[in-house]
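Tertiary structure, described
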Amino acid sequence: MTRSKCGLLLLLAAGVGACGGDPTESFKEEGQKIVTDPAVVRVNQGASVFVIAQLQDNQGNQLATSFEATPLGGGFTVTRDTSYLETTNGSALKTRERFQVTGVTPSSAAFEISGGGLKDTIPVGVLPIDVAASFSNAAPALNESITITLPAGYKFGADAGVESNLGPGLVESVAPDGSSIVAVIPPGSTGAVTLSGITADFLPGIPLSVPSIDVVAASAVGFPGTDAPTTAPALPVPAAGETVTLFDVGTMTGADITGDGGIGAQYYKLTVVDSAAYTFTTTWQGAADLDAILCFDTACNAGAAVGASANNPESATVDLSPGTYYFSVVLFAGGAPQFFQMAITQELPQTPGD
């Protein structure tokens, strides 16, 4: 006997009709919350950022409402952006609004967004565009260490840095309380220096890099290295585990007698007291190619390359016994750099297992 299919088809058709519509309709508007982009505002003093606010349910549906923004502290302003063309949820109902937050003074505060019977708090950090640091000498001589002190409420960290219009300077030490650093500025620097690795008490945990208000005019007079080993000035020699670093102006007017094949050179003297491994590092600004050669006498009849490649920086470690050596920075190619930096480290003795 053949079974009839007509009843089954009618039942299926009825089932399809019964399941019509949006199955999630009953969940709409549950779990409403205010969502902002961004959720945390970081704005430079004098600058502005936009914050978009919308009301959403648990499913991410945008719900129509209007918002108000109320500052909960000072240092910034927050205003509705009336020019913002908001999106809609398929009708003429407004679902998003935009607010403009403008930094006025460095601070940490917040504002409150309210809408749809809900409230949300948006933290605001206004970052300083400069800092009123003070300099122990605003016109230092070449390789003169100066103390840079931050105003109250700011601190240097262990990664403190200083950079002039000519490049990075040298940070020799950071005060235990973080209030200041001792630094050397590149020769010939002018204008404000940028201080990095600092934090503000009102913005804990946020590293800042900001220019100083005060300016520096650093001497461009050479260290100076001289044109021949016989007249070379003495370099400072570091103690075990320490580094000495200094700048010199790149005149490079001496003849290269090291055998490196350079087109100019400057010479320095180094008197070693402790037998140890010494690391020599030379770095510079610009497109020049510098080499570093260590000579064992004034004629440079024997020596050791402590950086003779196309690298910048040039660096190598050599074992030295007590005696007098002559360190040469050689211009191998290109124009002489405005200045270069030399660093000498006396390495600590290696112990078995290191």
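Just so you know, these numbers come straight off a predicted model, no measurement behind them. (Residues numbered from 1 in each chain as written. Predicted model: local features only at pLDDT ≥ 70, side-chain atom pairs only at ≥ 80, totals over all residues. Heavy atoms only, no water.)

**Topic: the overall build of the protein**
Formally: The helix count covers DSSP runs of H or I at least four residues long, the strand count covers runs of E at least two residues long, and both are numbered beginning at the N terminus. Burial classification: accessible surface area is computed with a 1.4 Å probe over protein chains only, and a residue below 20% of its type maximum counts as buried, one above 50% as exposed, and the rest as partly exposed. In what follows, a contact means two residues having at least one pair of non-hydrogen atoms within 4.5 Å. Note on areas: Shrake-Rupley, 1.4 Å probe, and residue coverage restricted to the protein chains presented here.
The secondary structure content of the protein amounts to one helix and 25 strands. The buried share of the protein, taken over its 354 residues, is 39%. Long-range contacts, defined as pairs at least 24 residues apart, comprise 69% of the intrachain contacts of the protein with a sequence gap of at least 6. Accessible surface for the protein amounts to roughly 17,400 Å². Of this, 55% is attributable to carbon and sulfur atoms.

**Looking at the pairing of strand E25 (residues 339–346)**
How we decide: Strand pairing is defined by DSSP finding a minimum of two bridges between the two strands.
Along E25, eight of the eight residues are buried, which leaves the element largely enclosed by surrounding structure. A two-sided burial pattern is seen for E25, the buried positions comprising Phe339, Gln341, Ala343 and Thr345 on one face and Phe340, Met342, Ile344 and Gln346 on the other. Bridge analysis of strand E18 (residues 243–249) against E25 gives seven bridges, and the strand direction is antiparallel. By the bridge assignment for E25, Thr245 is matched with Ala343.

**Quick notes on the layout of surface pockets**
Regions of empty space are outlined by a rolling probe, equal in size to a water molecule, passed over the atoms. What counts here: Each cavity reported here is a set of points on a 1 Å grid over the protein atoms alone in which a 1.4 Å probe fits but cannot get out, each pocket an open set with protein on both sides within 12 Å along at least five of seven lines, and each lining residue one with an atom within 4 Å of a point. Grid points are joined across faces, edges and corners, and a volume is the space filled by probe spheres set on the points. Residue type decides the class: Asp, Glu, Lys and Arg count as charged, Ala, Val, Leu, Ile, Met, Phe, Trp, Tyr, Cys and Pro as nonpolar, and the leftover types, Gly among them, as polar.
Put simply, the largest pocket is a space of about 170 Å³. In this structure, the largest pocket is lined by Gly169, Leu170, Val171, Glu172, Pro236, Thr243, Val244, Thr245 and Leu246. Secondary structure elements with two or more residues in the lining of the largest pocket: strand E14 (170–174) and E18. Looking at the lining of the largest pocket residue by residue, the class counts come to five nonpolar, three polar and one charged.

**Brief notes about the state of the cysteines**
Here is the rule: Two cysteine sulfur atoms make up a disulfide if the distance between them is within 2.5 Å.
Per the counting criterion, the structure on display carries one disulfide. Between the sulfur atoms of Cys295 and its disulfide partner Cys300 the distance amounts to 2.1 Å. Taking the sign of the S-S torsion, about 95 degrees here, the bridge from Cys295 to Cys300 comes out right-handed. Like Cys300, Cys295 is buried.

**Overview of unusual backbone geometry**
Of note, the bond from Asp37 into Pro38 is cis; its omega dihedral lies within 30 degrees of zero at 5 degrees. Position of Pro38 relative to the elements: it lies in the loop between strand E1 (33–37) and strand E2 (41–44). At the junction of Asn312 and Pro313, the peptide bond is cis and its omega measures out at 10 degrees in the coordinates. One can find Pro313 in the loop between strand E22 (303–305) and strand E23 (314–320). Backbone geometry at Asn143 places phi at a positive 65 degrees, although glycine is not the residue there. Its location among the elements puts Asn143 in the loop between strand E10 (134–135) and strand E11 (146–149).

**Topic: the pattern of salt bridges**
This is how the line gets drawn: By definition, a salt bridge exists where a carboxyl oxygen of Asp or Glu is found within 4 Å of a side-chain nitrogen of Lys or Arg.
By the definition in use, this model includes five salt bridges. The salt bridge involving Arg98 is made with Asp81; its shortest N-O contact spans 2.7 Å. With Arg98 in strand E7 (residues 96–103) and Asp81 in the loop between strand E6 (76–80) and E7, the pair connects residues that are 17 residues apart, well separated along the chain. Taken as a pair, Arg98 and Asp81 share a single burial class, namely buried. A salt bridge links Glu112 to Lys119, with the shortest nitrogen-to-oxygen separation between them at 4.0 Å. We classify Lys119 as exposed; its relative accessible area is 62%. Connected via shared salt-bridge partners are Glu68, Arg80 and Glu97.

**Comments concerning the confidence of the model for the protein**
Test applied: By definition, pLDDT measures how confident the predictor is in each residue, and it falls between 0 and 100.
Confidence along the protein averages 88 in pLDDT terms, with 88% of residues attaining 70 or more. Here residues 1–19 is modelled with pLDDT under 50, and outside its nearest four sequence neighbours on either side it reaches zero contacts, counting other chains as well.

**Considering the sheet that holds strand E15 (residues 180–184)**
Spatial strand order, E10-E11-E15-E14: four strands in an open sheet with antiparallel pairing. In this open sheet, the two strands that pair with only one neighbour each are E10 and E14. Bridge count for E11 against E15 is four bridges, and the pairing is antiparallel. Pairing of Thr149 across the sheet is with Ser180, part of E15.

**Quick notes on the pairing of E14**
Here E14 pairs with E15 via four bridges, running antiparallel. Note that in E15 the partner of Val174 across the bridge is Ile181. The turn linking E14 back onto E15 is made up of five residues, and Gly178 within it adopts a positive phi angle of 75 degrees.

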